[in-house]
Amino acid sequence: MHVGIIMDGNGRWARQRGAIRTQGHTEGLKAARRIVKAASDMGIQHLSLYVFSTENRKRAAGEVNFIMGLVKQYLRAELPFCRENNIRVRHAGDAKSLSPDIAMEIANVVEETKALSGMQVILALNYGGRDELVRAFRRLAASGKDLTAVTESDIAASLDNPDVPDPDLIIRSAGEYRTSNFLLWEGAYSELYISAKLWPDWTREDLEKAVDEYRNRDRRFGGVGDSSVHTGGIPVNGEKQ
Ligand code: IPE
Ligand code: IPE
Ligand code: MG
């Protein structure tokens, strides 16, 4: 199973406590740690975390730099945790326009964990669904592909992590009913789960509740009732639940 999470609400969490936004991001990082561990314990195979969007670059430089600093610290500190839990880290997004020190940190953790066979954590950092598609088309064009005959599988094969199955479930915390440019292509048929709870407050139980609810959904993929996939207990994308 592949779960994607739009980790939203750090700023509101801080505001509710009269704290500055960056405090919310610090707590949001702690929640991300809890949820990665919970997802790994639950046997989820792929977990995509929306860490920073291409549109988040519009924010004040102080906030952007703070988030990048947190990410850098996290990547360094979590390597032993990844090894202990057999977690492979991957990146989705535009690595080229990240600052070189962050890009290097990501490349390092991706390389150091590439042979680990447990859960894959895909960090969507400097990620936008539209930007990913633009980069995919550029890759296709550069490969000499005849773009007048391009197919869905050509495009899918040119995305950032082409071997990762489409997300089965996309979760959003903090109550907004939108996907904000997350996994635009891959999420075409993902089930959506929106929770009002702000991201820094998320615990293992919240993830379990979302996955339980997903198990009661009927996925029809454009077909009719009798061809639907009832997700409960049924392998999705050929994987174990
Ligand atoms: C999510 O929390 C973290 C990022 C987008 C980087 P926000 O910072 O968007 O928090 P709110 O939406 O302002 O509460
Ligand atoms: C989406 O949250 C991006 C991340 C969680 C990284 P935003 O806070 O940026 O989304 P909008 O602005 O509310 O759509
Ligand atoms: Mg937000």
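Residues numbered from 1 in each chain as written. Chains lettered and ligands numbered in written order. Predicted model: local features only at pLDDT ≥ 70, side-chain atom pairs only at ≥ 80, totals over all residues. Heavy atoms only, no water.

Digging into the sheet that holds strand β4 (residues 120-127)
How we decide: When DSSP finds two or more bridges between a pair of strands, those strands are recorded as paired. Going along the chain from the N terminus, every DSSP run of H or I of four or more residues is numbered as a helix, and every run of E of two or more is numbered as a strand. Only the stretch in contact is used when fitting a helix axis, every axis being a line fitted to C-alpha atoms; angles between N-to-C directions are given from 0 to 180 degrees. Here a residue-residue contact requires only that any non-hydrogen atoms of the pair lie within 4.5 Å.
Taken in spatial order, the 6 strands line up as β3-β4-β2-β1-β5-β6 in an open sheet, and their pairing is parallel. Either end of the sheet is taken by a strand with one partner, and the two such strands are β3 (88-92) and β6 (191-194). Direction aside, neighbouring strands of the sheet carry axes that sit 20 degrees apart on average. As defined by bridge partners, β3 adjoins β4 across 5 bridges and the pair is classed as parallel. Of the residues in β4, the one forming a bridge with H91 is L123. Docked against the sheet, helix α5 (residues 100-113) engages β3 and β4, running at close to 140 degrees with respect to β3. Strands in contact with helix α8 (residues 204-215) are β1 (2-6), β5 (169-172) and β6; relative to β5, the strand with the most contacts, it is inclined by about 140 degrees.

Quick notes on the nonpolar core
Put simply, the test is: Take the buried Ala, Val, Leu, Ile, Met, Phe, Trp, Tyr and Cys residues and link them wherever side-chain atoms come within 4.5 Å; each set so joined is a nonpolar core. When accessible area is computed with a 1.4 Å probe and restricted to protein chains, residues below 20% of their type maximum are described as buried, those above 50% as exposed, and intermediate ones as partly exposed.
Ranked by internal contacts, the top residues of the largest apolar core, which has 44 residues, are I5, V36, I171 and L207. Core analysis: the second largest hydrophobic core is formed by 10 residues, A92, I122, V164 and L183 among them.

Section: the side chain of T113
Our working definition: Pairing of N or O atoms within 3.5 Å defines a polar contact, subject to two protein rules: one partner must be a possible hydrogen donor and the other a possible acceptor, and residues neighboring in sequence count only if both atoms are side-chain atoms.
Following the sequence through the fold, T113 ends up in helix α5. A relative accessible area of 0% means that T113 is categorised as buried. Separated by 2.8 Å, the side chain of T113 and the backbone oxygen of V109 make a polar contact.

A short note on the layout of surface pockets
Keep this limit in mind: Computed over the protein atoms alone on a 1 Å grid, cavities are sets of points where a 1.4 Å probe fits but cannot get out and pockets are open sets with protein on both sides within 12 Å along at least five of seven lines; a residue lines them when it has an atom within 4 Å of a point. Grid points are joined across faces, edges and corners, and a volume is the space filled by probe spheres set on the points. Following the grouping adopted for this structure description, the nonpolar residues are Ala, Val, Leu, Ile, Met, Phe, Trp, Tyr, Cys and Pro, the charged ones are Asp, Glu, Lys and Arg, and the polar ones are all others, Gly among them.
Volume-wise, the largest pocket comes out at about 730 Å³. Looking at the lining of the largest pocket, the elements with two or more residues in it are α1 (10-16), α2 (21-41), β2 (46-53), α3 (61-77) and β4. Here the residues of the lining of the largest pocket are counted per class, giving 15 nonpolar, 8 polar and 8 charged.

Observations concerning the confidence of the model for the protein chain
Defined as follows: Scored from 0 to 100, pLDDT records how confident the predictor is in each individual residue.
Mean pLDDT over the protein chain: 95, with 95% of residues reaching 70 or higher. Confidence, read as mean pLDDT per element, is least for strand β8 (residues 229-230) in the protein chain (76) and greatest for β1 (99).

A closer look at the site of ligand 2
The cut-off we apply is this: Any residue with a heavy atom lying within 4 Å of a molecule or strand is counted as near it. What sets the accessible areas is the Shrake-Rupley method with a 1.4 Å probe; for residues, cover comes only from the shown protein chains. A molecule is counted as occupying a cavity or pocket when more than half of its atoms fall within 2 Å of that pocket's grid points.
Around ligand 2 sit I6, M7, D8, Y50, V51, F52, N56, R59, R172, R178 and S180, and those are all the residues in its vicinity. Between ligand 2 and N56, the relevant distance is 2.8 Å, taken from an oxygen atom to a side-chain nitrogen or oxygen of the residue. Contact distances for ligand 2 include 2.6 Å between an oxygen atom and a side-chain N or O atom of S180. For ligand 2, whose unbound accessible area comes to 390 Å², protein coverage reaches 78%. When atoms are counted within 2 Å of each cavity's grid points, the one that captures over half of ligand 2 is the largest pocket.

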